[in-house]
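Chain by chain, the residues:
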Amino acid sequence: MEMRIGGKNVSSPDDTWIEVKNPATGELIDRVPAGSAADVAEAVEAAAAALTGWKKKGMRERGMILFHAALKVREQHKDLAHLLTTEQGKPLREAIDEVRGYANILEYYAGISAQPAGETVRLGVAGDALVVREPLGICGAIIPWNMPVLIMGWKTGPALLAGNTLVLKPASATPLTNLRLAGILDEAGLPPGVLNVVTGSGRDVGEALVKNPGVKKISFTGNCATGQRIRELASAHVKDLTLELGGSDPMIVMDDADIDKAVEGALRGRFYNAGQVCTAVKRLYVHEKIAGEYVQKLKARISALNVGNGLGPKTDMGPLNSAEQRERIVQMVDRTRERGDGTVLTGGGILRGKAYESGHFYHPTLVTDVAPGSCLVTDELFGPVLPLMTVPDLDAAIALANTSRYGLGASVWTQNLHTARRVFDEVQAGIIWVNRHLTVPPEVPFGGMRESGIGRENGYHAVDQYSRTRTLFLGW
Ligand code: NDP
């Protein structure tokens with residue numbers, strides 16, 4: 001596939017390409033241009049040329065284009081999901097969820113497009129002030145490989161509705177569905193240059209985008225270290241930033257919880273997308289009174305998960321997205337074993353056998369009795385490994401939950417409203433779920449505390465974060 005700049009497909013000018021491979025089979029699916037700083041400059045020019053016309057359209061008109069795009073995405077959801085599974089690895093069922101989730105986001109933003117975008121402040125004898133919301137200008141969106149479609153929606157939906165133009169850089173492992181979606185948005189009526197996609201490495205294309213003085217905001221999702229680098233580079237022009245830098249979400253299961261529901265919650269919360277989700281359950285704290293029954297049931301469910309090619313009809317969990325991601329997991333589990341920092345109850349290794357030899361498969365894994373200093377709980381554990389610890393009471397659970405440098409999400413499983421309220425008040429996280437985990441609908445603001453990042457995505461808050469206010473003061 002080719003890049004999309006100014007509403008046109010653009011090939012690699014110097015014939016350098018990035019190969020996109022299926023993580024389940026190692027097969028080459030397609031290739032995309034290895035773009036350069038010159039391509040970013042061209043895309044920023046196209047975005048600049050489109051800005052005035054796009055800004056001048058009413059918010060409702062922009063919303064209608066998003067709505068038409070959502071209809072097209074729904075019509076093509078099976079093909080899009082198939083492409084997503086082949087480049088990312090997730091089970092087809094999850095890819096369908098994600099593509100539909102993208103359509104939901106566009107529909108949500110189309111739906112709020114009729115809201116007034118400003119206010120009047122009456123100041124008596126001093127006059128009146130008109131507070132007007134306007135777009136920031138050209139924005140850059142840098143997308144990760146774990147949920148590339150959903151996260152493209154979180155950035156494109158509010159940014160475009162607010163009247164910005166965009167240059168988007170997909171992850172090099174998963175650029176294809178992003179490119180296909182950009183084509184659909186153009187077909188739905190986006191004027192040329194409003195949304196541009198430049199493929200290429202983070203070092204070349206990503207950094208050129210962050211450094212470009214014409215780009216007024218960067219919205220990034222990914223690794224903490226990359227986020228810190230982006231923040232440093234963006235400070236040169238005092239750019240606006242949204243940084244979503246991952247998490248290490250705790251899930252607390254109290255002794256009054258519905259055990260079966262909490263087992264299913266941990267299963268889905270940890271093994272969805274092979275554990276490669278920013279708000280996945282990454283640390284599980286279980287009350288010691290119910291731990292025996294809970295661990296036995298959870299172990300049985302984890303051992304029964306069907307791992308394979310995401311296109312397989314019975315697949316519960318696909319491969320990890322890349323050899324590097326799997327190697328990180330191998331090393332973290334091996335280190336935990338060597339140091340005696342936990343007991344591997346099920347899984348704990350690479351899947352062997354003909355069906356698995358060319359893919360990046362790893363056994364769904366449960367580790368119990370995990371030491372508080374283990375890398376499984378101190379680092380972001382971005383794969384299908386669930387560390388479980390028992391706790392004597394809520395105080396201990398809250399104290400352990402707060403030991404992470406991250407603060408994205410957290411959940412508590414209980415029937416007691418006071419317990420739920422205490423977790424909300426005392427656990428440092430942007431989202432607290434009660435008796436569920438992982439749900440992130442477009443209506444609700446999403447984002448973390450601590451080193452999980454800055455800014456919020458989703459909800460009307462995200463439109464605010466892609467716009468600024470200006471004030472017209474009328475003295476009479
Ligand atoms: P990165 O943060 O490196 O990649 C995310 C995106 O940033 C990609 O589009 C990447 O491009 C781009 N990028 C990389 N370097 C730069 C740069 N210097 N300037 C601008 N853009 C850049 O994540 P990794 O792929 O390295 O994943 C590593 C770890 O990060 C994971 O194991 C996980 O722990 C965490 N992570 C967390 C995510 C979350 O949602 N919480 C999502 C992804 C990763 P390219 O693909 O071309 O390198």
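Since the model is a prediction, treat every value here as computed from it, not as a measurement.

## With respect to the side chain of Q325
The topology assignment puts Q325 in helix α11 (residues 323-339). In this structure, Q325 is in contact with W145, Q276, L320 and F382, ignoring residues within four places of it in sequence.

## Quick look at empty space enclosed by the protein
The final tally for this structure, using the stated rule, is 1 cavity of 30 Å³ or more. Estimates place the volume of the largest cavity at around 60 Å³. In terms of lining residues, the largest cavity is bounded by 16 residues, among which P250, R283, Y406, G407 and Q428 are the most central. Within the residue set of the lining of the largest cavity, elements represented by two or more residues are β12 (249-253), β17 (406-407) and β18 (409-413). For the lining of the largest cavity, the residue count by class is 7 nonpolar, 6 polar and 3 charged.

## Details of a nonpolar patch on the surface
Taken together, the side chains of M64, F67 and L71 present a nonpolar region at the surface, about 240 Å² in accessible area. Among the structural elements, L71 can be located in helix α2 (residues 59-75).

## Some remarks on helix α10 (residues 291-303)
Over its 13 residues, α10 extends 18 Å from the first C-alpha to the last, a length consistent with the 18 Å expected when each residue adds 1.5 Å. Taken residue by residue, α10 has A291, Y294, V295, L298 and I302 as its buried positions. Down the axis of α10, the buried set is contained in an arc of 95 degrees. They therefore lie on one face. Residues of α10 that are exposed and point over 90 degrees away from its buried face: G292 and Q296.

## Examining the domain arrangement of the protein chain
Split into domains, the protein chain comes out as domain 1 (3-245 + 452-474) and domain 2 (249-441). Taking only C-alpha atoms into account, the centre of domain 1 sits 31 Å from that of domain 2. Of the residues lining the interface, 28 residues belong to domain 1; the matching set on domain 2 comes to 29 residues. Together, the buried faces of domain 1 and domain 2 total about 2300 Å²; carbon and sulfur atoms form 52% of this surface. Counting every contact that joins domain 1 to domain 2 gives 0 salt bridges. Along the contact surface separating domain 1 from domain 2 lie 11 residue pairs in polar contact (both at pLDDT 80 or more). Put simply, the parts of the chain that give the side of domain 1 that touches domain 2 at least two residues each are α3 (77-88) and α4 (92-111). Looking at which element gives the most residues to the side of domain 1 that touches domain 2, the answer is α3, with 5 residues. Classifying every residue of the side of domain 1 that touches domain 2 gives 10 nonpolar, 11 polar and 7 charged.

## Some words on the pattern of salt bridges
In the structure shown here, the tally under the stated rule is 23 salt bridges. Where R301 meets E264, a salt bridge forms, and the shortest distance between an N and an O atom there is 2.8 Å. Of the two residues, R301 is situated in helix α10 and E264 in helix α9 (residues 259-271); the sequence distance between them amounts to 37 residues. Among the charged side chains, a network of salt bridges with common partners joins E134, R468 and R470.

## Focus: the state of the cysteines
Counted by the stated rule, this structure contains 0 disulfides. For C278, which is in no disulfide, the shortest distance to another cysteine sulfur is to C224 and amounts to 13 Å. The class of C278 is buried, set by a relative accessible area of 6%.

Quick notes on the rules
- Residues numbered from 1 in each chain as written.
- Predicted model: local features only at pLDDT ≥ 70, side-chain atom pairs only at ≥ 80, totals over all residues.
- Heavy atoms only, no water.
- Helix = DSSP H or I, 4+ residues; strand = E, 2+ residues; numbered from the N terminus.
- Contact = heavy atoms within 4.5 Å.
- 1 Å grid on protein atoms, 1.4 Å probe; cavity = no way out; pocket = protein on both sides within 12 Å on 5 of 7 lines; lining within 4 Å.
- Points joined across faces, edges and corners; volume = space filled by probe spheres on them.
- Nonpolar A, V, L, I, M, F, W, Y, C, P; charged D, E, K, R; others polar.
- Patch = residues over 30% accessible without salt bridge, like charges linked within 9 Å, V, L, I, M, F, W, Y side chains within 5 Å.
- Areas by Shrake-Rupley, 256 points an atom, 1.4 Å probe, with all protein chains shown as cover.
- Salt bridge = Lys/Arg side-chain N within 4 Å of Asp/Glu carboxyl O.
- Expected span 1.5 Å × (residues − 1).
- Buried < 20%, exposed > 50% of the residue type's maximum accessible area, 1.4 Å probe, protein only.
- Arc of directions from axis to C-beta.
- Domains from an automatic or database assignment.
- Buried area = accessible area lost by both parts, 1.4 Å probe.
- Polar contact = N/O pair within 3.5 Å; in protein donor to acceptor, adjacent residues only side chain to side chain.
- Disulfide = S-S within 2.5 Å.

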